[in-house]
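What follows is the residue order along each chain.
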Amino acid sequence: MRVFVTGASGWIGSAVVDDLLAAGHEVTGLARSDASAASLDVKGARVLRGDLDDLGSIRAGAEAAEAVVHLANKHDWADLAGSNAAERAAVQTVGDALAGSDRPFLVAAGLAGLNQGRISTESDPSPFHGPDSPRGGSENLALEFVERGVRSVSLRFAPTVHGTGDHGFIAILSAIAREKGVSGYPGDGGNRWPAVHVRDAGRLATLALDKAPAGARLHVVAEEGVPTREIAEAIGRAFDLPVAPIAADDVLGHWGWIGSFFAMDLPSSSAATRELLAWTPTGPTLLEDLDAGAYKS
């Protein structure tokens, strides 16, 4: 299958591209820089130059493909409105290009905001609608294209997709711990974060491309919920730092913008996803990665 991937050279995108190629698919990746293009070329993927603001390139990539996996996001925490607008415009562009074709359209989404304090499942709809909502309401927008003849599927990634080389949330928390001289956890540390190893995430995307029906919401989750105190303790072990609670009133002051995420209780099940796709995560756990030094480089 000819697959167009946005965010193809990113952390998750690289794993997805590797798995797609290993499964025999022909991959074209959107690349905004020479370095990104080179990383795709060396793998044997084709390159389409452009970025999330280049809707012409995104449309061209989608029109030429038999399937689209949309993973790119600006993640500009200083301009969330701009990031959300770009995300929505990209999803709208791909959806319009695929309308009436019954081609697969896999869209990255998140678990934050679905629920807090209870285990979220694939049957929980996203509460985010419209351009002013988180990620521009892109999950719901993508799923609306099912009625227009697109096999849209939501990939809800755990807040930490971990592994050696990850520069995401756990890397940021580790950097803050080193800067502050203490590995903190919010409150009593009982709130939970789902987790998945990056290789398992890549494999799930390939399975979803082949098996997931239109309108499916999939949870890319291997561990239902790792207590934040255990995450902080593992960071402390990794960097030989003391571990301490951070009061709720001090969360944003201690961690900055990421504190609001780290304080969320986001336990999430992937039972329905595993059954639907026959997906069994096999990678190391988050704490195993931390203890093995995955975040020391």
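Residues numbered from 1 in each chain as written. Predicted model: local features only at pLDDT ≥ 70, side-chain atom pairs only at ≥ 80, totals over all residues. Heavy atoms only, no water.

(A) Examining the overall build of the protein chain more closely. Across its full length, the protein chain holds twelve helices and twelve strands. Expected size for 297 residues packed as a compact globule is a radius of gyration near 19 Å; at 19 Å, the protein chain falls within 12% of this value. Reported as C-alpha extents along the three principal axes, the dimensions of the protein chain are approximately 55 × 40 × 40 Å. Here the protein chain holds 297 residues, and 52% of them are scored as buried. Long-range pairs, those at least 24 residues apart, make up 78% of the contacts in the protein chain with a sequence separation of at least 6. Carbon together with sulfur atoms contributes 50% to the accessible area of the protein chain, which is approximately 12200 Å² in total. Of the charged side chains in the protein chain, 25 are positive and 38 negative; the average position of the first set lies 3 Å away from that of the second. (Helix = DSSP H or I, 4+ residues; strand = E, 2+ residues; numbered from the N terminus. Rg over C-alpha atoms; globule rule 2.2 N^0.38 Å. Buried < 20%, exposed > 50% of the residue type's maximum accessible area, 1.4 Å probe, protein only. Contact = heavy atoms within 4.5 Å. Areas by Shrake-Rupley, 256 points an atom, 1.4 Å probe, with all protein chains shown as cover. Lys, Arg positive; Asp, Glu negative; His and termini not counted. Charge placed at Lys NZ, Arg CZ, Asp CG, Glu CD.)

(B) Examining the packing of aromatic side chains more closely. Under the counting rule described, the total for this entry stands at six aromatic pairs. Ring centres of Phe 169 and Trp 193 lie 5.7 Å apart, and the angle between their planes is 40°; on these two criteria the pair is classed as tilted. Separated by 24 residues along the polypeptide, Phe 169 in helix H6 (residues 169–180) and Trp 193 in strand E9 (residues 192–197) bring together distant segments of the chain. As far as burial versus exposure is concerned, Phe 169 and Trp 193 are alike and both buried. A network of ring pairs unites the aromatic residues Phe 169, Trp 193, Trp 255, Trp 257, Phe 261 and Phe 262 as a single cluster. (Phe/Tyr/Trp six-rings, centres within 6.5 Å; stacked < 30°, edge-to-face > 60°.)

(C) Fine view of the sheet that holds E9. In space, the three strands of this open sheet follow the order E7-E9-E11, with mixed pairing throughout. Looking at strand neighbours, the two that pair on one side only are strand E7 (160–162) and strand E11 (223–227), the edges of this open sheet. For this sheet, the mean angle separating the axes of adjacent strands, direction not counted, is 45°. Pairing between E7 and E9: three bridges, direction parallel. (Pairing = 2+ DSSP bridges. Axes fitted to C-alpha atoms, helices over the stretch in contact; angles between N-to-C directions.)

(D) Highlighting H6. For H6, built from twelve residues, the straight-helix expectation of 16 Å at 1.5 Å per residue is met to within 8% by its first-to-last C-alpha distance of 16 Å. Burial in H6 covers these residues: Phe 169, Ile 170, Ala 171, Leu 173, Ser 174, Ile 176 and Ala 177. Note on H6: the residue one or two positions beyond its end, Gly 181, has a positive phi of about 80°. (Expected span 1.5 Å × (residues − 1).)

(E) Summary view of the nonpolar core. Within the largest apolar cluster, 39 residues are counted, with the highest numbers of intra-cluster contacts made by Val 5, Val 69, Leu 155, Phe 157, Leu 218 and Leu 277. For this core, the leading source of residues is helix H7 (residues 198–211), giving seven residues. If we skip the residues at most four places from it in the chain, Val 5 touches Val 17, Leu 20, Val 27, Thr 28, Gly 29, Leu 30, Val 69 and Leu 71. Ranked by size, the runner-up nonpolar core spans 28 residues in total, among them Leu 173, Ala 177, Ile 231 and Leu 286. (Core = buried A, V, L, I, M, F, W, Y, C linked by side-chain atoms within 4.5 Å.)

(F) Representation of the sheet that holds strand E3 (residues 46–49) in the model. If you trace the seven strands from one edge of the open sheet to the other, you get E3-E2-E1-E4-E5-E6-E10, paired in parallel fashion. With partners counted over all chains shown, the strands left at the sheet margins are E3 and strand E10 (217–220), one partner each. Sheet twist, expressed as the average angle between the axes of neighbouring strands with direction ignored, equals 20°. As paired elements, strand E4 (residues 67–70) and strand E5 (residues 104–110) share three bridges and run parallel to each other. Its bridge partner lying in E5, Val 68 is registered against Phe 105. Sheet strands touched by helix H4 (residues 80–98): E4 and E5. Its angle to E5, the strand with the most contacts, is close to 165°.

(G) Broad picture of the pattern of salt bridges. In total, this model carries twelve salt bridges according to the counting rule given. Its salt-bridge partner being Glu 66, residue Arg 2 comes within 3.7 Å of it at the nearest N-O pair. Here Glu 66 lies in the loop between helix H3 (55–64) and E4 and Arg 2 lies in strand E1 (residues 2–6), a separation of 64 residues in the sequence. Since its relative accessible area comes to 33%, Glu 66 is described here as partly exposed. Among the ionic pairs, Arg 59 bridges to Glu 63, the shortest N-O distance being 3.4 Å. Of this pair, Arg 59 and Glu 63 both sit in helix H3, four residues apart, roughly one helical turn. (Salt bridge = Lys/Arg side-chain N within 4 Å of Asp/Glu carboxyl O.)

(H) Just the side chain of Thr 273, in detail. Looking at the secondary structure, you find Thr 273 in helix H11 (residues 271–277). You can call Thr 273 buried: its relative accessible area is 1%. At 2.7 Å, the side chain of Thr 273 forms a polar contact with the side chain of Glu 122. Setting aside its immediate chain neighbours within four residues, Thr 273 contacts Glu 122, Leu 204, Arg 217, Leu 218, His 219, Ala 278 and Trp 279. (Polar contact = N/O pair within 3.5 Å; in protein donor to acceptor, adjacent residues only side chain to side chain.)

Without other data, these values stay purely geometric and don't point to any function.
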